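Fold and contact review
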Protein chains: 2
Amino acid sequence: MNALTTYIDKQYLPLASAGVPATDLLVQRGYGIFDYLRVANNKPLFLEDHLDRFYNSAAIMRLDITETRAEVIKIVHQLIEQNNLPYSGIRLIIGGGDSADGYQITAPRLLVLQQPLIAPADKMPLKGIRLASYDFQRQLWEVKTTDYLMAIWLQPWMKSQNADDILYHQAGIVRECPRSNFFMIKDGTLITPATHMLKGITRKNIISIALANKIKIEERAITIEEIKMATEAFISSSTKRITPVCQIDDYILPPINDQSLSFKIFELLREKELH
Amino acid sequence: MNALTTYIDKQYLPLASAGVPATDLLVQRGYGIFDYLRVANNKPLFLEDHLDRFYNSAAIMRLDITETRAEVIKIVHQLIEQNNLPYSGIRLIIGGGDSADGYQITAPRLLVLQQPLIAPADKMPLKGIRLASYDFQRQLWEVKTTDYLMAIWLQPWMKSQNADDILYHQAGIVRECPRSNFFMIKDGTLITPATHMLKGITRKNIISIALANKIKIEERAITIEEIKMATEAFISSSTKRITPVCQIDDYILPPINDQSLSFKIFELLREKELH
């Protein structure tokens, strides 16, 4: 893995030699954003959507990416060609750049890494995961920042709750999981939070699939209590498409099968990847 | 500056060659802590206090520093000797280490940088700074994390408010400034928040000076409203000792002079550094 070609600060280097200078605000102040996309059969999935979000995160954080969008696309394809990892992930990162006073943003360094990744199964696993709810609101929630302090810090707590992932809420209003969006299904309607979370590319694809397939969809506030009225719930992410949820805190959701709406949406997502 | 000797991952390198691997959780997930101390006349000030806090931050974040405390002290003195920057700052940083899954903490890398710093004046400047209040609570507030996302992101807003620094509060209860603690003086009593902020080493020294000099001190909640009853207010930090505050939002504090209590505390802090 350490020999994989990596793009850093205008150069292609083996991953083992790719270091971010200690003077960069990414290192000193955690001031950074990223995006992450899946590569399937050597094709970057939904690259334009990921770049839209990456440039949008950068604009909000006042990071002026010196590479043009066309250059970033070229870099992504260059890594795919050189590394030949047909099923993998690509991570784009930028930070605040070198700063004489350790505070003022300067020209950000772009870092593009390709990493091995196990491709999701062709069919959605029917075994769901358990979520533990935790009261926390991500700062700068509309931006894909590199801030995962709370997510990583909570791992031992999560395990103590016998959970597989964390569901953030604020005063009982559902936000998101640290690396995925939350959906529930009630009376045949797909419901997902509308605000105060990072809008995933898979979330976007699910909404567009729902609209195209006449699946009723609502973007609105969900309370932790309301989840107890759900017939299905799942989380969505670029790496796994959708993963069903079988339990939230002490509440156990009804079992699902290959006739469930979640299962159908997974199929439609998989088809969308092929086009 | 790029030639300054820097300690990184068990090696001494020139700053220009000191890079944090792109695989470290510090780069990928912003999972890191630091501490920062001032060097005066080639002497590291309050080193033991800073190391207490650094190891405490590390313990809370489950970062197992592989260097012993004695080794860290040796590194600090080594940099001071090699760099010969009599008045400077030393920054210790550790992150979550390399992580195969980009999430699990492994052995953290220690980074120790010495940086030029203008020494504070011998006498406290009587010209105060203006603070703009902002509703924000730092996550993991008892830890000196590398998370300055909000502080840096707010800089243009702060300038639009004609302010020199930001005062975080939560629902009107004062917390801290991004890089310093807040104090106010009312009826001759020094008052500072008790919780939900990072406890600075200068804050600790001020409290001990107050106790030794029979200055009344209270650690308790302060509201933004209560500041309007203050005769003096200041912020404290390792780099500046104390800096008087002349304005908070639209409220202008009474002027201070060399008979003010703030001025006296500054003198006592300066004396404490000499011992």
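Worth saying up front: this structure is predicted, and the values here are computed from it rather than measured. By convention here, each chain's residues receive numbers from 1 onward along its written sequence. Chains and ligands are labelled sequentially in the order written, the chains with letters from A and the ligands with numbers from 1. Reporting of local features is limited, given that this is a predicted model, to residues whose pLDDT is at least 70; pairs of side-chain atoms are given and counted only at 80 or more, and all residues count toward the totals for whole chains, interfaces and linings. Here the side-chain values reflect all heavy atoms present in the structure, with hydrogen atoms and water set aside.

The interface of chain B with chain A comprises 45 residues on the first partner and 45 residues on the second. Computed with a 1.4 Å rolling probe, the buried area is the accessible surface lost when two parts are put together, summed over both parts. Between chain B and chain A the total buried area reaches about 4200 Å² when both faces are included, carbon and sulfur atoms providing 60% of it. Broken down residue by residue, the surface that chain B buries against chain A is led by R29, Y103 and L149 of chain B, which jointly contribute 20%. When a carboxyl oxygen of Asp or Glu lies within 4 Å of a side-chain nitrogen of Lys or Arg, that pair is called a salt bridge. In this structure, the connection of chain B to chain A is made through zero salt bridges. Nitrogen and oxygen atoms within 3.5 Å of one another constitute a polar contact, given that in protein one can donate a hydrogen and the other can accept it, and given that sequence-neighbouring residues count only through two side-chain atoms. Counting across the chain B and chain A interface gives 13 residue pairs in polar contact (both at pLDDT 80 or more). In what follows, a contact means two residues having at least one pair of non-hydrogen atoms within 4.5 Å.

With that settled, consider the packing of aromatic side chains. To pair, rings of Phe, Tyr and Trp, with the six-membered ring standing in for Trp, must have centres within 6.5 Å; the planes then decide the type, stacked if under 30 degrees apart, edge-to-face if over 60, and tilted in the middle. As enumerated under the stated definition, the model contains twelve aromatic pairs over all chains in all. On the basis of an interplanar angle of 70° and a centroid distance of 5.4 Å, the ring pair of Y7 of chain B and Y12 of chain B is categorised as edge-to-face. Note on classification: 1.4 Å probe, protein chains only; a residue is buried when its accessible area is under 20% of the maximum for its type, exposed when over 50%, partly exposed between these limits. For Y7 of chain B, a relative accessible area of 5% translates into the label buried. Residue Y12 of chain B is classed as partly exposed on the basis of its relative accessible area, which comes to 36%. In this analysis the charged atom, NZ for Lys or CZ for Arg, is taken to sit over a ring once it is within 6 Å of the ring centre and within 35 degrees of the ring normal. In this structure, R29 of chain B is placed above the aromatic ring of Y148 of chain A, and the distance from its NZ or CZ to the ring centre is 4.3 Å.

Looking now at unusual backbone geometry. All names here are of chain A. With a phi close to 60°, N42 is a non-glycine residue in the positive phi region. Only DSSP runs of H or I with at least four residues qualify as helices, and only runs of E with at least two residues qualify as strands; both kinds are numbered from the N terminus onward. Among the structural elements, N42 can be located in the loop between β4 (32–40) and β5 (43–44). The phi angle at R241 is positive, at roughly 60°, despite the residue not being glycine. Here R241 is to be found in strand β15 (residues 241–248).

Residues and elements named next belong to chain A. Here the domain parsing of chain A yields domain 1 (5–116) and domain 2 (129–274). Domain boundaries shown here were taken from an automatic or database domain assignment. Averaged C-alpha coordinates put domain 1 and domain 2 at centres separated by 26 Å. Taken together, the contacts link 18 residues of domain 1 with 19 residues of domain 2. Carbon and sulfur atoms supply 60% of the area buried between domain 1 and domain 2, which totals about 1600 Å² over both sides. Broken down residue by residue, the surface that domain 1 buries against domain 2 is led by F34, R38 and R53, which jointly contribute 37%. Here domain 1 is connected to domain 2 by two salt bridges. With a closest N to O distance of 2.6 Å, R38 and E273 form a salt bridge.

Let's shift gears to the relation of the copies chain B and chain A. To superpose the copies, least squares is applied to the C-alpha atoms of every residue with a pLDDT of at least 70 in both. Overlaying chain B on chain A yields an RMSD of 0.0 Å, the required transformation being a rotation through 180° with an accompanying axial translation of 0.0 Å. Seen this way, the second copy is the image of the first under a two-fold rotation axis. An overlap of 100% is found between the interface residues of chain B and their copies at the interface of chain A, pointing to a shared contact surface.

What follows deals with the sheet that holds strand β5 (residues 43–44) of chain B. Residue and element names in this part refer to chain B. Any two strands between which DSSP finds at least two bridges are classified as paired. Pairing is antiparallel in the open sheet, where six strands are placed in the order β2-β1-β7-β6-β4-β5. The strands lining the two open edges of the sheet, one partner per strand, are β2 (11–14) and β5. Relative to β2, strand β1 (residues 5–8) runs antiparallel, the two being bridged by four bridges. Across the sheet, the residue bridging to T6 is L13, located in β2. Running over the sheet, helix α2 (residues 47–60) touches β4 (32–40), β5, β6 (88–95) and β7 (110–116) and is turned about 175° from β4. To define axes, lines are fitted to C-alpha atoms, for helices over the stretch in contact only, and angles between the resulting N-to-C directions are given on a 0 to 180 degree scale.

Okay, the packing of helix α2 (residues 47–60) of chain A against helix α6 (residues 201–212) of chain A next. Residue and element names in this part refer to chain A. Put simply, α2 and α6 touch, their axes get as near as 10 Å, and they point 125° apart. By the angle class used here, α2 and α6 are oblique. For the pair α2 and α6, the sense of crossing is right-handed. On the side of α2, the interface is formed by D49, H50 and R53, while α6 contributes I201, K204 and N205. Roughly parallel means an angle under 35 degrees; roughly antiparallel means over 145; roughly perpendicular covers 65 to 115; every other angle is labelled oblique. Should the near helix be turned anticlockwise from the far one by less than a right angle, the crossing is termed left-handed; should it be turned clockwise, right-handed.

What follows concerns empty space enclosed by the protein. All names here are of chain B. In this analysis a 1.4 Å probe is tested at points of a 1 Å grid over the protein atoms alone, and where it fits but cannot get out there is a cavity; an open set with protein on both sides within 12 Å along at least five of seven lines is a pocket; lining residues have an atom within 4 Å of a point. Grid points are joined across faces, edges and corners, and a volume is the space filled by probe spheres set on the points. By the definition in use, this model includes five cavities of 30 Å³ or more. Taken as a whole, the largest cavity spans an internal volume of roughly 100 Å³. Side-chain classes follow a simple rule in which Ala, Val, Leu, Ile, Met, Phe, Trp, Tyr, Cys and Pro form the nonpolar group, Asp, Glu, Lys and Arg form the charged group, and the remainder, Gly included, forms the polar group. Here the residues of the lining of the largest cavity are counted per class, giving four nonpolar, five polar and three charged. Counting contributing residues per domain, the lining of the largest cavity is built from domain 1 (5–116) and domain 2 (129–274), each supplying no fewer than three.

Turning our eyes to something else, we now look at the side chain of R109 of chain B. All names here are of chain B. Along the chain, R109 turns up in the loop between β6 and β7. Judged by relative accessible area, R109 falls into the buried class, the value being 15%. In terms of polar contacts, R109 uses its side chain to reach the side chain of D98, at 2.8 Å. Once you skip the residues sitting within four places of it in the chain, R109 turns out to touch D9, P21, D24, I93, I94, G95 and D98.

Moving on, we come to the pairing of β15 of chain A. All names here are of chain A. Taking burial as the measure, the eight residues of β15 include six buried ones, the bulk of the element. As defined by bridge partners, strand β8 (residues 129–135) adjoins β15 across three bridges and the pair is classed as parallel. By the bridge assignment for β15, R130 is matched with Q247. Bridge count between strand β14 (residues 232–237) and β15: four bridges; the pairing is antiparallel. Its bridge partner being in β15, S236 is matched across the sheet by I242. Counting the residues that bridge the hairpin from β14 to β15 gives three residues. Pairing between β15 and strand β16 (residues 251–252): two bridges, direction antiparallel. Each bridged residue has a counterpart across the sheet, and for Q247 the counterpart in β16 is I252. Once β15 ends, the chain turns through two residues before running back antiparallel as β16, passing D249 with a positive phi of about 55°.

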